[in-house]
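The residues making up each chain are set out below.
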Amino acid sequence: MIEWFVKTFPNVVALGWLGDTGWGTAIFQTLFMTFWSAIFGGFLGIVFGLILVLTKPHGIRANSFWFHFSDQLVSLFRAIPFIILLAFVAPVTQAIVRTQVGIKAALVPLTLGVFPFYARQVQVALESVDPGKIEAAQSLGASLSDIIFTVYLREARSELIRISTVTLISLVGLTAMAGAVGAGGLGNTAISYGYNHFDNDVTLIATLLVLVLVLLIQVIGDQLAKNLNHQKK
Amino acid sequence: MTEIISLKDVDVTFHQTKQKVVHAVQKVSLSIEKGDIFAIVGFSGAGKSTLVRTINLLQVPTNGQVSVSGKCLSRSGRVLIGKKELQQERRQIGMIFQGFNLLNETTVIENVAFALRHTKLRDDEIEQRCLELLRLVGLQDKAEAYPSQLSGGQQQRVAIARALANKPNILISDEATSALDPQNTEQILKLLKRLNRELGLTIVLITHEMSAVKQIANKVAVMQAGQLIEQGDLHQIFLHPKKELTRQFVGGSSAAVSTLETLHLAQLTSNEAIFQLVYNVKNVTQSIIVELYRKLGIEASMLYGNVELLNDEPVGTLVILVKGDYVQQTEAVKFLKAQNVDVSRLDERGNLYD
């Protein structure tokens, strides 16, 4: 089995496990970028999603300035192709993390790339909450934070998990792209060591590993969304 | 009796686009007294829901004045109290809805506890109070269930428990029984009546179901196109309706009309007239038709008859065909009116005769 593997995928084995080119390093880098950009981008996405829903016309804190500001900002960042965003925000990256290369530097464009996508989906998920529930909460004298946490976020939680799953998966895709410009990770392995060296076996294994990661996210996300849903089907 | 809710010249105007302006509520004034079950009836789109939402300022009126328990909450389109104070005032006004509006991702007991979040009660006291409220509505054994596991009637009872959590003086019911089957509707109405009697709860009941009004209300206001066209106590509105719409809503009218339609009466001659009589059975003890013949010699035959309970008092509706010339018809009407009977003339199809 091992002999067959070494024979069939010589270049895969040559890269090793640890070290700069190793598979373990690549997997760690992909997970690191996905995790932290999901945290930062997710936070920004929820904040902007909430602002969009709360400040929209007839929202419970209707405010046309904040609504249009966040609406335009989200639209703007969504319109920039990610590969261009990577280059475009380089000076910002330099200012924040003091370098333009590596996985930490990739977090800035990843976060900026994923949050508008997520914010729009959060907006849709929160708008699916029956306005009657918001009204009922208001009639009970609920405060803004009660309405945000217990009504909006909690009532939409199953939907939020579903969209988070979709977003995480597309985020894995973005980390691969960031890898292409030197951030490391499985995307980098597939392109720099596989495609550019004509070592197709490396590209194949890197692709399979990304697929496994995506599949894991999907299965866990679906299960969680199902378990947390008490709405009528 | 002391006034608990007072609306003065309340307007609510929506600007849907620059050109399109909707006057949802226009110059509505009403006064609701403590302990009333005040019904507001009208067809959908009449502005009933918008009107009651001005009471707890879920809808801030464009103009006019809203006072609750003697405190002026809004005047001339402005809210007169701060956000925190408004939240406190709202806790004194419970509200239930057609769609129940429970939180589906929280259990029944958490739904009730949600209303008590801002009290100074300890967690165990909140739990006690919630169980007490669930017992009041007969659902103590469903505390840990999720709303989707309950029937519509049970969900509405949870909503009532939630609305009563802060011991409000007022309960607003916005079509609360409209989505329920007759049996559940009956249960909810009985519960509301009981709460009114036992807790002295003032209830504002919006509905298009006249049967609900007849069963529990003591006062009625009729709304049409954003305006209050008639109001008074239940018997007055029922026995002596002044407006056409009120007649359509109350009385045995609609049943009488469909009965007349099935009879396919021939065109009336000038010596025939159809009258609809509505009267309080307690006050009118003699047989009306017999009296008409005995006292005036006027013959009348009965086309439709019904007696129903109006807030526990029997009210009769009769549709009769009177034979006689114009003078006799006029005499009959005069006689009936003297007997405290509300008389309106109908044509052969059951429509009001002008």
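Keep in mind the model is a prediction, meaning the values are calculated, not measured. (Residues numbered from 1 in each chain as written. Chains lettered and ligands numbered in written order. Predicted model: local features only at pLDDT ≥ 70, side-chain atom pairs only at ≥ 80, totals over all residues. Heavy atoms only, no water.)

1. Re the overall build of chain A
Put simply, the test is: Strands are runs of DSSP state E lasting at least 2 residues, helices are runs of H or I lasting at least 4, and numbering of each runs from the N terminus. Relative accessibility under 20% of the residue-type maximum defines a buried residue, over 50% an exposed one, and the middle range a partly exposed one, all with a 1.4 Å probe and only protein chains included. We call two residues contacting when some pair of their heavy atoms lies within 4.5 Å. We score Asp and Glu as negative and Lys and Arg as positive, and we do not count His or the chain ends. Each charge is placed at NZ for Lys, CZ for Arg, CG for Asp and CD for Glu.
Scanning chain A from terminus to terminus reveals 12 helices and 0 strands. The secondary structure elements of chain A, listed N-terminal to C-terminal, are α-α-α-α-α-α-α-α-α-α-α-α. In terms of its C-alpha atoms, chain A occupies a principal-axis envelope of roughly 70 × 45 × 25 Å. In chain A, which comprises 233 residues, the share counted as buried stands at 48%. Taking contacts inside chain A between residues at least 6 apart in sequence as the whole, the part at least 24 apart equals 71%. Considering chain A, the positive charge centre built from 14 side chains and the negative charge centre built from 12 side chains are found 6 Å apart.

2. Some details on the overall build of chain B
Filter applied, for reference: Using the Shrake-Rupley algorithm and a 1.4 Å probe, accessible areas are obtained, with residue cover drawn only from the displayed protein chains.
Tallying secondary structure elements over chain B gives 12 helices and 15 strands in all. By its C-alpha atoms, chain B is 75 × 50 × 40 Å across when sized along the principal axes. In chain B, which comprises 354 residues, the share counted as buried stands at 55%. Put simply, chain B shows about 16300 Å² of open surface, and 48% of that area lies on carbon and sulfur atoms. Computed over 40 positive and 38 negative side-chain charges, the separation of the two mean positions in chain B equals 6 Å.

3. A word on the packing of aromatic side chains
Residues and elements named next belong to chain A. Rule in force here: Pairing of aromatic rings covers Phe, Tyr and Trp, the last through its six-membered ring, and needs centres within 6.5 Å; plane angles under 30 degrees mean stacked, over 60 mean edge-to-face, and all others mean tilted.
Applying the stated criterion across every chain, the model contains 10 aromatic pairs over all chains. With centroids separated by 6.0 Å and ring planes inclined at 15°, the aromatic side chains of Phe65 and Phe69 adopt a geometry described as stacked. Placement of both Phe65 and Phe69 in helix 4 (residues 64-79) is noted, with a separation of 4 residues, approximately one turn of the helix. Since its relative accessible area comes to 54%, Phe65 is described here as exposed. On the numbers, 5.7 Å between centres and 90° between planes, the contact of Trp66 with Phe69 is edge-to-face. Within this pair, Trp66 and its partner Phe69 are both found in helix 4, separated by 3 residues, close to a single helical turn. Judged by its relative accessible area of 39%, Phe69 is partly exposed. In textbook terms, an aromatic cluster arises when at least three aromatic residues are bridged by ring pairs, as seen for Trp4, Phe5 and Phe9.

4. Some remarks on the sheet that holds strand 15 (residues 342-346) of chain B
Residue and element names in this part refer to chain B. What counts here: At least two DSSP bridges between two strands are needed for those strands to be called paired. Axis definition: a line fit to C-alpha positions, over the contact stretch in the case of helices; interaxial angles, taken between N-to-C directions, run 0 to 180 degrees.
Read from one edge to the other, the open sheet built from 4 strands follows the order 13-14-12-15, with strand pairing classed as antiparallel. Both outer strands of the open sheet, strand 13 (299-310) and strand 15, are each paired with one neighbouring strand and no more. The sheet shows a mean angle of 20° between the axes of neighbouring strands, taken without regard to direction. Bridging between strand 13 and strand 14 (residues 313-323) involves 11 bridges; their strand directions are antiparallel. From the neighbouring strand, Glu308 faces strand 14, where its bridge partner is Val315. Against the sheet, helix 11 (residues 288-296) engages strand 12 (272-280), strand 13 and strand 14, with an angle of about 145° to strand 13. Each of strand 12 and strand 15 touches helix 12 (residues 326-338); the most contacted strand, strand 12, lies at about 0° to it.

5. With respect to the side chain of Asp71 of chain A
All names here are of chain A. Formally: In protein, a polar contact requires one atom able to donate a hydrogen and another able to accept it; more generally it is a pair of N or O atoms within 3.5 Å, and residues adjacent in sequence count only if both atoms are side-chain atoms.
In this structure, Asp71 sits in helix 4. By relative accessible area, which is 18% here, Asp71 ends up buried. At a separation of 2.9 Å, a polar atom in the side chain of Asp71 contacts the side chain of Arg120. Contacts of Asp71, omitting those with residues within four sequence positions, involve Leu52 and Arg120.

6. Quick word on the interface of chain B and chain A
For the record, the criterion: Summed over both partners, buried area is the accessible surface (1.4 Å probe) that two parts give up on being assembled. What makes a salt bridge here is a side-chain nitrogen of Lys or Arg within 4 Å of a carboxyl oxygen of Asp or Glu, nothing more. Under the convention adopted here, Pro, Cys and the residues Ala, Val, Leu, Ile, Met, Phe, Trp and Tyr are nonpolar, Asp, Glu, Lys and Arg are charged, and Gly plus all remaining residues are polar.
Taken together, the contacts link 28 residues of chain B with 24 residues of chain A. Between chain B and chain A, roughly 2300 Å² of surface is buried when both sides are summed, and carbon and sulfur atoms account for 51% of that area. Of the charged contacts, one joins Arg53 of chain B and Glu135 of chain A as a salt bridge, the two residues approaching to 2.5 Å between their closest N and O atoms. At 4 residues, the largest contribution of residues to the side of chain B that touches chain A is made by helix 2 (residues 83-91) of chain B. Here the residues of the side of chain B that touches chain A are counted per class, giving 11 nonpolar, 9 polar and 8 charged.

7. Considering the packing of helix 6 (residues 90-97) of chain A against helix 7 (residues 103-127) of chain A
All names here are of chain A. How we decide: In these notes the angle categories are as follows: under 35 degrees is roughly parallel, over 145 is roughly antiparallel, 65 to 115 is roughly perpendicular, and the rest is oblique. Should the near helix be turned anticlockwise from the far one by less than a right angle, the crossing is left-handed, and should it be turned clockwise, the crossing is right-handed.
Two numbers describe how helix 6 lies on helix 7: the axes approach to 9 Å, and their chain directions differ by 125°. Relative to helix 7, the element helix 6 is oriented oblique. Handedness of the crossing formed by helix 6 with helix 7: right-handed. Two secondary-structure elements touch here, helix 6 through Val92, Thr93, Ile96 and Val97 and helix 7 through Lys104, Ala105, Val108 and Pro109. A class-by-class count of the residues in the contact of helix 6 with helix 7 yields 6 nonpolar, 1 polar and 1 charged.

8. Some words on the nonpolar core
Which entries qualify depends on this criterion: We define the nonpolar core as a collection of buried residues of types Ala, Val, Leu, Ile, Met, Phe, Trp, Tyr and Cys that are connected through side-chain atoms lying within 4.5 Å of one another.
The biggest cluster of nonpolar side chains holds 78 residues, and the ones touching the most others in it are Leu126 of chain A together with Leu134, Ile160 and Leu192 of chain B. For this core, the leading source of residues is helix 5 (residues 152-164) of chain B, giving 6 residues. Setting aside anything within four residues of it in sequence, one finds Leu192 of chain B in contact with Ile96, Ile160, Leu171, Ile203, Leu205 and Ile216 of chain B. Ranked by size, the runner-up nonpolar core spans 34 residues in total, among them Ala46, Leu51, Leu58 and Ile170 of chain B.

9. Section: the pattern of salt bridges
Pairs can form between side chains of opposite charge whenever their charged atoms are close. All told, the structure shown has 22 salt bridges over all chains when counted by the stated rule. Between Asp71 of chain A and Arg120 of chain A there is a salt bridge, with its nearest N and O atoms 2.9 Å apart. Taken as a pair, Asp71 of chain A in helix 4 and Arg120 of chain A in helix 7 lie far apart in primary sequence, 49 residues in all. You can call Arg120 of chain A buried: its relative accessible area is 17%. Residue Arg157 of chain A is joined to Glu105 of chain B by a salt bridge in which the shortest nitrogen-to-oxygen separation is 3.4 Å. Here Arg157 of chain A, found in helix 10 (residues 157-183), pairs with Glu105 of chain B, found in the loop between strand 7 (93-97) and helix 3 (108-114), and the two come from separate chains. With relative accessibility at 18%, the residue Arg157 of chain A sits in the buried group. One salt-bridge network, held together by shared partners, links Glu135 of chain A together with Arg53 and Asp174 of chain B.

10. As for the side chain of Thr111 of chain A
Along the chain, the position of Thr111 of chain A falls in helix 7. Look past the residues within four positions of Thr111 of chain A in its chain and what remains in contact with it is Ser37, Phe40, Gly41 and Leu44 of chain A.

11. A few points about the confidence of the model for chain B
When pLDDT drops low, the exact placement of atoms in the prediction is not to be read closely. Defined as follows: pLDDT is defined as a per-residue confidence score from the predictor, taking values between 0 and 100.
Per-residue confidence for chain B gives a mean pLDDT of 89; residues scoring 70 or more make up 98%. Across the interface, the model reports ipTM at 0.85; the global pTM reads 0.85.

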